[in-house]
Amino acid sequence: MRLQDGVTANLARIRQNMEKTVQTQKRMGRSVQAIGRGFTSIGTTFLPVATALAGAGTLATKSFMDFDYTMTQAGMKAGATAQEMQQMRDVASKIGADFPISAQQAAEAMDRLAAGGFNAREAIGSLPAIVTASVASGEELTTTSDVITSALNIWDLKQGDIAKNARKVADTIQMAANVSKMGMQDFGIAMSYAGAPAAALGVNINNLAVAMAVMSNKGLDASTIGTSMRSIFSRLASPPKQTEAALAQLGVRVTDSKGKFLGLQNVIGQMRTAMQGMSNTQQVAIAKAIAGQEAYTGLLDLIKTSPAEYQKLQDAINGSAGSSAKAFAQMKNTLKGSLDALQGNVESLGISFGAILAPTIQQVAQGISSVVSWLNSLSPAQKAMIADIAKGIIAFTAFNLAMGKAFKIGGSMIMLYSDIQKAAMGGKIANKALQYSVRGVVKGLPILKS
């Protein structure tokens, strides 16, 4: 007898078919997941790039918008032509890139110069020296701008080569700060009192700076220095009887034969010589008679300073050319200076891109304004129809997003089912925890295998 096995071959074919079914289900699951990813992949892929571009564009546009607004104001105040306006923009932008300040700060400084009565040529010419002095002294740009522009106005240095004159003033103030206790702001306060009387007598900014430096080193504050110098100049120019008598007693001449002021250092030198040998009380009485009750201390400080010390200060300030640029180079090489310069370069780059984007943005803004105006002119029925279309677009967008999620979940479920089926037949799958769990259940309930 021969036994005929009619089952094994059929079971093998069934097993092969079931394995093919599992593989087919896996492929179908992956395909369904791919469909889900297809609904969202384009937006997801381009989102980082779009976000970066949008952010960069926004920053560039914002930087340019603020810069453009400030420069437009400055140009209007300066009475600039279209060509001069562009020159002002170029200079402010270049200063922002080359100096450790932002282009916006340079624009604000130029606006301040224009507000102070500077025309476009004067603002363009003086700004580099002002920025250099600001960095060199560590003072705020606005403070530096006010002090230097005031000096240029007081001594009528806006004529001719204003760039050269601005550098000269900046160097004088910088050196005065180096040889005394005065800073930029202190110099400005003292000059606000004494500058105009000094200029009226023909005393230049260098000679005034020397006198103020002497008083500062003797301990006087800026406002006291200024008021003292103003009183001294005023009483020397138009001496009251008490002052005239004191000068005559000393034998001091204030003017030459033509009535021109002999100069502050000359007059102080005469007083110093004439008062030698006097007692302290006599010197105080003479100084009060000449300068007045409030200013005699400052005058005594000048008189009691030795000729050698006075001349040393005078030589330092007279030889101050280039001191601001030298101090600027030192400050720029510090870590803070480097970081400020980097920030200025980045902002200038943003402004450059903003200038390129500006025409397009203006066109878009004008187009949107036109659309808004058109929408406002529509009837209520037409507006309702547009609203329905908008709702349809929103619904379509939501449908696509929802379908993307649904297909992704559905594909995952199909692949999970195929893994369970394979594990139930004794196959191996990547998820070992699932594999052993399914095998355990099938072993306990053999009917599940079929």
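Draft legend 1. Quick peek at the overall build of the chain. Regarding its fold elements, the chain presents 18 helices and zero strands. Per-residue burial for the chain yields a buried fraction of 39% across its 450 residues. Excluding contacts between residues fewer than 6 apart, the proportion of contacts in the chain whose partners are at least 24 apart in sequence is 69%. As presented, the chain carries roughly 25100 Å² of accessible surface, and 61% of it is formed by carbon and sulfur atoms.

Draft legend 2. Structural context of the packing of aromatic side chains. Applying the stated criterion across every chain yields a total of one aromatic pair. Ring centres 5.2 Å apart and planes at 50° place the aromatic pair Phe99 and Phe328 in the tilted group. Pair noted here: Phe99 is in the loop between helix 2 (82-98) and helix 3 (103-115) and Phe328 is in helix 15 (residues 323-332), with a separation of 229 residues, a long-range link. On the basis of relative accessibility, which here comes to 11%, the residue Phe328 falls in the buried class. A cation sits over an aromatic face here: Lys288 above Tyr296, 5.1 Å from the ring centre.

Draft legend 3. Representation of the pattern of salt bridges. In this structure the tally under the stated criterion is six salt bridges. Across the pair Lys77 and Asp111 runs a salt bridge whose closest N-O atoms are separated by 3.0 Å. Placement of Lys77 in helix 1 (residues 8-78) and of Asp111 in helix 3 is noted, with a sequence separation of 34 residues between them. Classification of Lys77 by relative accessible area gives partly exposed; the value is 43%. Each of the salt bridges in this network shares a partner with another, and the network as a whole consists of Arg121, Glu122 and Lys158.

Draft legend 4. Structural view of helix 18 (residues 432-444). Counted at 1.5 Å a residue, the expected span for helix 18 with its 13 residues is 18 Å, and the 18 Å between its end C-alpha atoms agrees. Buried within helix 18 we find Leu434, Gln435, Val438 and Val442. In a view along the axis of helix 18, the buried residues occupy a sector of 100°, so they form one face of it. Opposite the buried face of helix 18, by more than 90 degrees, sit the exposed residues Ala433, Tyr436, Lys443 and Gly444. Its side-chain oxygen placed 3.4 Å from the backbone nitrogen of Ala433, Asn431 serves as the N-cap of helix 18.

Draft legend 5. Spotlight on the packing of helix 6 (residues 162-179) against helix 8 (residues 205-217). The interhelical angle for the contact between helix 6 and helix 8, taken along N-to-C directions, is 20°, at an axis separation of 9 Å. The angle between helix 6 and helix 8 places the two elements in the roughly parallel class. Seen along the crossing, helix 6 lies across helix 8 with a hand that is right-handed. Here Lys168, Val169, Thr172, Ala176 and Val179 of helix 6 lie close against helix 8, whose contacting residues are Ile205, Asn206, Ala209, Ala213 and Asn217. Of the residues in the contact of helix 6 with helix 8, the class split is six nonpolar, three polar and one charged.

Draft legend 6. Structural context of helix 2. The end-to-end C-alpha distance of helix 2, which contains 17 residues, comes to 24 Å, matching closely the 24 Å that a straight helix rising 1.5 Å per residue would cover. Considered for burial, the residues of helix 2 that qualify are Met85, Met88, Arg89, Ala92, Ser93, Ile95 and Gly96. Down the axis of helix 2, the smallest arc covering the buried residues is 160°, so these residues share one side. For helix 2, the exposed residues lying more than 90 degrees away from the buried face are Gln83 and Lys94.

Draft legend 7. Region of interest: the environment of Val441. Within the secondary structure, Val441 is located in helix 18. In this structure Val441 comes out as partly exposed when scored by relative accessible area, which is 42%. For Val441 and Ala424, which are 17 residues apart along the polypeptide, the C-alpha to C-alpha distance reads 8.6 Å.

Draft legend 8. Fine view of the confidence of the model for the chain. The predicted model of the chain has a mean per-residue pLDDT of 82, with 74% of residues at 70 or higher. Confidence, expressed as mean pLDDT per element, reaches its minimum in the chain at helix 16 (residues 335-376) with 57 and its maximum at helix 8 with 97.

Draft legend 9. Spotlight on the nonpolar core. Judged by nonpolar contacts, the single largest core of 92 residues is most densely connected at Phe187, Met229 and Met271. If one sorts the elements of this core by residue count, helix 4 (residues 120-137) sits on top with 10 residues. Those residues within four positions of Met229 in sequence are excluded, and the remaining contacts are Ala194, Leu208, Ala211, Met212, Met215, Leu264 and Leu302. In terms of nonpolar packing, the next biggest core, distinct from the first, is built from six residues, Ala423, Ile429, Val438 and Val442 among them.

Draft legend 10. Focus on the packing of helix 12 (residues 280-291) against helix 13 (residues 296-304). Remark: helix 12 packs on helix 13, axes separated minimally by 8 Å, with the N-to-C direction vectors making an angle of 120°. Looking at the two axes, helix 12 sits oblique to helix 13. Seen along the crossing, helix 12 lies across helix 13 with a hand that is right-handed. Across the interface between the two elements, Asn280, Gln283, Val284, Ala287, Lys288, Ile290 and Ala291 of helix 12 pack against Tyr296, Leu299, Leu300 and Lys304 of helix 13. When its residues are assigned to classes, the contact of helix 12 with helix 13 shows seven nonpolar, two polar and two charged.

Here is what the cut-offs are and how they apply
Residues numbered from 1 in each chain as written. Predicted model: local features only at pLDDT ≥ 70, side-chain atom pairs only at ≥ 80, totals over all residues. Heavy atoms only, no water. Helix = DSSP H or I, 4+ residues; strand = E, 2+ residues; numbered from the N terminus. Buried < 20%, exposed > 50% of the residue type's maximum accessible area, 1.4 Å probe, protein only. Contact = heavy atoms within 4.5 Å. Areas by Shrake-Rupley, 256 points an atom, 1.4 Å probe, with all protein chains shown as cover. Phe/Tyr/Trp six-rings, centres within 6.5 Å; stacked < 30°, edge-to-face > 60°. Lys NZ or Arg CZ within 6 Å of the ring centre and 35° of its normal. Salt bridge = Lys/Arg side-chain N within 4 Å of Asp/Glu carboxyl O. Expected span 1.5 Å × (residues − 1). Arc of directions from axis to C-beta. Polar contact = N/O pair within 3.5 Å; in protein donor to acceptor, adjacent residues only side chain to side chain. Axes fitted to C-alpha atoms, helices over the stretch in contact; angles between N-to-C directions. Parallel < 35°, antiparallel > 145°, perpendicular 65-115°, else oblique. Left-handed = near helix turned anticlockwise from the far one by under 90°. Nonpolar A, V, L, I, M, F, W, Y, C, P; charged D, E, K, R; others polar. pLDDT = per-residue confidence, 0-100. Core = buried A, V, L, I, M, F, W, Y, C linked by side-chain atoms within 4.5 Å.

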